[in-house]
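# Observations on the model geometry
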Amino acid sequence: MPEKVLVLAEVSEGELRNVSFETIAAGRKIAGDNEVVALLCGENVSGLSEDLIHHGADRVLVAENEHLKSYTTDAYKQALLQVVEKESPDALLLPHTSPGKDLAPRIAAKLNNGLVSDAVDLEVDGDEVIFTRPIYSGKAFEKKSVTDGVIFATFRPNNIPPLEADSSRSGDASTVDVEIKDLRTVIKDVVKKTSGGVDLSEANVIIAGGRGVKSAEGFEPLYELADVLGGAVGASRGACDAEYCDYSLQIGQTGKVVTPDLYIAVGISGAIQHLAGMSNSKCIVAINKDAESPIFDVADYSLTGDLFEIVPLLIEEFKKV
Ligand code: FAD
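Report on the accompanying structure. (Residues numbered from 1 in each chain as written. Predicted model: local features only at pLDDT ≥ 70, side-chain atom pairs only at ≥ 80, totals over all residues. Heavy atoms only, no water.)

## Comments concerning the environment of Glu 13
Along the chain, Glu 13 falls in the loop between strand 2 (11–12) and strand 3 (15–16). Exposure remark for Glu 13: the relative accessible area of 61% places this residue in the exposed category. Separated by 268 residues in the primary sequence, Glu 13 and Ser 281 place their C-alpha atoms 27 Å from one another. (Helix = DSSP H or I, 4+ residues; strand = E, 2+ residues; numbered from the N terminus. Buried < 20%, exposed > 50% of the residue type's maximum accessible area, 1.4 Å probe, protein only.)

Spelled out as structure tokens, the structure:
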């Protein structure tokens, strides 16, 4: 069993992302009674330490630096490598988010270590940690265990249940000095494309629209349904290509991979590249006027009919709940 597990917590706009707690829960499972250390990077982030401890970290290292305020490959790579060198963890865990996906392979290469990426589950059998990860665009799952070097893995958001916050847990939080230099990229300003709302990759409910929605205006009822259900709006590439919505909403092989509790596909045919991003959702509802549409093959509930009639009915009904 690893003596020390290091988890990189992810902060977005001054708040911890839920996937940080999920990754700590994975670390807790791997470490057992041994130590889980969380690394917090950013500027003025030390106040978040307590939350990490309440969710299962034993110790928090805070790397405060102006260059860590927003993610850049160079700065985060330098910070994480320095902390790994200081701490020598037996296991290193990162969220499988955009920053995590960018960072993990670079760290693995620098450490000359293997990497299990995009894990959705894990089990511990004695000293062996066995990860489950999707392959072939989510059509199958493989199990992998690490036999050599640091156990290094990234975790897909929304798959490992976070531990319930326990405010009686205590732990140490201390500053760790990191030297960030020779940056090739510096973030001057961050301009957000989408306004507020639930983060698509962490949403428990997603209403995704396709080309069948027919226009940007056609997406408005989808936003209303998402609001009623406390979810986020996503899209197929067909809808993005047709400029009904922004590419940041695209779900699929070349878009975001999501695993919500509820995925409502509206006017989406279910091309294999779209399924790659959503077929592991816990419950899939598909609305399509074509009864032969492939999306119905993966749907738990199939609503055959006109989306422009069905979506307003759903909004009306869910508003009553
Ligand atoms: P369509 O296939 O045109 O389907 C529209 C659906 O709406 C149809 O099933 C139709 O029956 C239904 N419909 C129409 N009107 C109504 C109505 N009034 N009521 C109810 N239903 C209605 N796609 C992605 O989504 N994500 C990706 O990441 C992605 N990556 C790709 C990568 C590569 C390399 C390639 C080649 C393709 C990729 N694609 C991706 C594109 C993918 O192949 C499909 O073209 C795309 O998913 C189709 O989008 P769609 O289902 O919205 O449109």
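## Remarks on the sheet that holds strand 10 (residues 140–145)
Read across the sheet, 3 strands follow the order 8-9-10 without closing on themselves; strand pairing throughout is antiparallel. In this open sheet, the two edge strands, each paired with only one partner strand, are strand 8 (121–125) and strand 10. Taken pair by pair, the neighbouring strands of this sheet meet at an average axis angle of 25°, ignoring direction. Summarising the sheet, strand 9 (residues 128–135) and strand 10 pair through 6 bridges and their orientation is antiparallel. Pairing of Pro 134 across the sheet is with Phe 141, part of strand 10. (Pairing = 2+ DSSP bridges. Axes fitted to C-alpha atoms, helices over the stretch in contact; angles between N-to-C directions.)

## Considering the site of the ligand
By nearness alone, 27 residues border the ligand, and Arg 211, Ser 236, Thr 254, Ser 269 and Asn 288 come closest of all. Side-chain polar atom of Gln 250 to an oxygen atom of the ligand: 2.8 Å apart, as the coordinates give it. Between Lys 289 and the ligand, the recorded distance is 3.1 Å, taken from a backbone N or O atom to a nitrogen atom. A total of 980 Å² of accessible area belongs to the ligand in isolation, and the protein chains cover 76% of it. Of all the elements in the fold, those that place two or more residues in the shell around the ligand are helix 6 (237–241), helix 7 (272–278) and helix 9 (307–320). Each residue belonging to the shell around the ligand can be placed in one class, and the counts come to 5 nonpolar, 16 polar and 6 charged. (Near = heavy atom within 4 Å. Polar contact = N/O pair within 3.5 Å; in protein donor to acceptor, adjacent residues only side chain to side chain. Areas by Shrake-Rupley, 256 points an atom, 1.4 Å probe, with all protein chains shown as cover. Nonpolar A, V, L, I, M, F, W, Y, C, P; charged D, E, K, R; others polar.)

## A look at the state of the cysteines
A complete count under the given rule lists 0 disulfides for this structure. Its sulfur unpaired, Cys 240 is 4.0 Å from the next cysteine sulfur, which belongs to Cys 245. Classification of Cys 240 by relative accessible area gives buried; the value is 1%. (Disulfide = S-S within 2.5 Å.)

## Observations regarding the nonpolar core
Residues Leu 40, Leu 52, Phe 131 and Phe 155 are the most contacted members of the largest nonpolar core, which totals 31 residues. Counting residues per element, this core draws most heavily on helix 1 (residues 18–31), at 6 residues. Apart from residues lying up to four places away in sequence, Leu 40 is in contact with Ala 9, Val 11, Leu 16, Val 45, Leu 48, Ser 49, Leu 52, Val 60, Leu 61, Val 62 and Ala 63. (Core = buried A, V, L, I, M, F, W, Y, C linked by side-chain atoms within 4.5 Å. Contact = heavy atoms within 4.5 Å.)

## Concerning the sheet that holds strand 15 (residues 262–266)
With parallel pairing, the 5 strands of this open sheet are ordered in space as 14-13-15-16-17. The sheet is open, and its two edges are formed by strand 14 (232–235) and strand 17 (301–304), each paired on a single side. Strand-to-strand twist of the sheet, defined as the mean angle between neighbouring strand axes without regard to direction, takes the value 20°. Sheet topology note: the strand 15/strand 16 (residues 283–288) ladder contains 5 bridges and is parallel. When the bridges of strand 16 are listed, Val 266 appears paired with Ile 287. Sitting on the sheet, helix 5 (residues 220–229) touches strand 13 (205–209), strand 14 and strand 15, and the angle it makes with strand 13 is about 175°.

## As for helix 3 (residues 73–87)
With 15 residues, helix 3 should cover 21 Å at 1.5 Å per step; its first-to-last C-alpha distance of 21 Å lies within 8% of that length. Where burial is concerned, most of helix 3 is hidden: 11 out of the 15 residues are buried. Listed in full, the buried residues belonging to helix 3 are Asp 74, Ala 75, Tyr 76, Lys 77, Gln 78, Ala 79, Leu 80, Leu 81, Val 83, Val 84 and Glu 87. Positive phi shows up at Ser 88, right after helix 3, with a value of about 45°. (Expected span 1.5 Å × (residues − 1).)

## Brief notes about the pattern of salt bridges
Scanning all chains against the criterion turns up 18 salt bridges. Where Lys 4 meets Glu 87, a salt bridge forms, and the shortest distance between an N and an O atom there is 2.8 Å. Of the two residues, Lys 4 sits in strand 1 (residues 4–8) while Glu 87 sits in helix 3, which places them 83 residues apart along the sequence. Judged by relative accessible area, which is 17%, Lys 4 ranks as buried. (Salt bridge = Lys/Arg side-chain N within 4 Å of Asp/Glu carboxyl O.)

## Quick notes on the packing of helix 3 against helix 4 (residues 98–111)
At their nearest, the axes of helix 3 and helix 4 sit 10 Å apart, and the two run at 50° to each other. Taken together, the axes of helix 3 and helix 4 lie oblique to each other. Like other packed secondary-structure pairs, helix 3 and helix 4 cross with a definite hand, here right-handed. Here Thr 73, Tyr 76, Lys 77, Leu 80, Leu 81 and Val 84 of helix 3 lie close against helix 4, whose contacting residues are Asp 102, Leu 103, Arg 106, Ile 107, Lys 110 and Leu 111. (Parallel < 35°, antiparallel > 145°, perpendicular 65-115°, else oblique. Left-handed = near helix turned anticlockwise from the far one by under 90°.)

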